[in-house]
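# Observations on the model geometry
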Amino acid sequence: RDKFTIHSKAVVCQDVDLKGDITIGPGTVVHPKATIFGLAPITVRITNHCVIGAACLVVPTEDETLEEYTCIYGPAADRRVWSGRGKVQEADLRIKHAEYLREMLPKFNRLRRSDGP
């Protein structure tokens, strides 16, 4: 059975394909056409301020927790994790980016909400 927990401050488009046990943290943005599979018994946990790019495929072979500020992008689902330099500026930029996307994405895409409590 699919179980999604999507934080209220996360931006997840409706046409994202989610299967399995998936948790998406605050400030995370999952762009349209992304696919995230956490098929039993695998659990996928996407922490704070991560970005999953459009049409990216995330299918781990074991339980996976993405580090904060991880970006998955491109057709090969390449990954990049922020180094930690410029902490205040990076946090401000991510917050501003998430606010912008929270405002703009619903104008062009339907958003998905958590099915949990």
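The structure we're discussing is the one just above.
Residues numbered from 1 in each chain as written. Predicted model: local features only at pLDDT ≥ 70, side-chain atom pairs only at ≥ 80, totals over all residues. Heavy atoms only, no water.

Our focus in this paragraph is the overall build of the protein. Within the protein, the secondary structure is distributed over 1 helix and 10 strands. For the protein, the N- to C-terminal ordering of α and β elements is β-β-β-β-β-β-β-β-β-β-α. Expected size for 117 residues packed as a compact globule is a radius of gyration near 13 Å; at 13 Å, the protein falls within 12% of this value. Expressed along its principal axes, the backbone C-alpha trace of the protein runs to roughly 40 × 30 × 30 Å. The buried share of the protein, taken over its 117 residues, is 42%. Long-range contacts, defined as pairs at least 24 residues apart, comprise 19% of the intrachain contacts of the protein with a sequence gap of at least 6. Working note: accessible area of the protein is about 7,100 Å², and carbon and sulfur atoms make up 53% of it. (Helix = DSSP H or I, 4+ residues; strand = E, 2+ residues; numbered from the N terminus. Rg over C-alpha atoms; globule rule 2.2 N^0.38 Å. Buried < 20%, exposed > 50% of the residue type's maximum accessible area, 1.4 Å probe, protein only. Contact = heavy atoms within 4.5 Å. Areas by Shrake-Rupley, 256 points an atom, 1.4 Å probe, with all protein chains shown as cover.)

A cis amide bond links Ala40 to the next residue, Pro41, at an omega of 5°. Inspection of the secondary structure assignment puts Pro41 in strand 5 (residues 35-46). Despite not being glycine, Lys33 shows a phi value in the positive range, around 70°. With respect to the element layout, Lys33 can be found in the loop between strand 4 (29-30) and strand 5. In this structure, Tyr69 is a non-glycine residue whose phi angle is positive, near 65°. By the element assignment, Tyr69 lies in the loop between strand 8 (64-66) and strand 9 (70-73).

Counted by the stated rule, this structure contains 0 disulfides. In this structure Cys13 is a free cysteine whose sulfur lies 13 Å from that of Cys56, the closest cysteine sulfur available. The exposure class assigned to Cys13 is buried, which follows from its relative accessible area of 0%. Distance from the sulfur of Cys71, which forms no disulfide, to the nearest cysteine sulfur (Cys56) is 8.0 Å. (Disulfide = S-S within 2.5 Å.)

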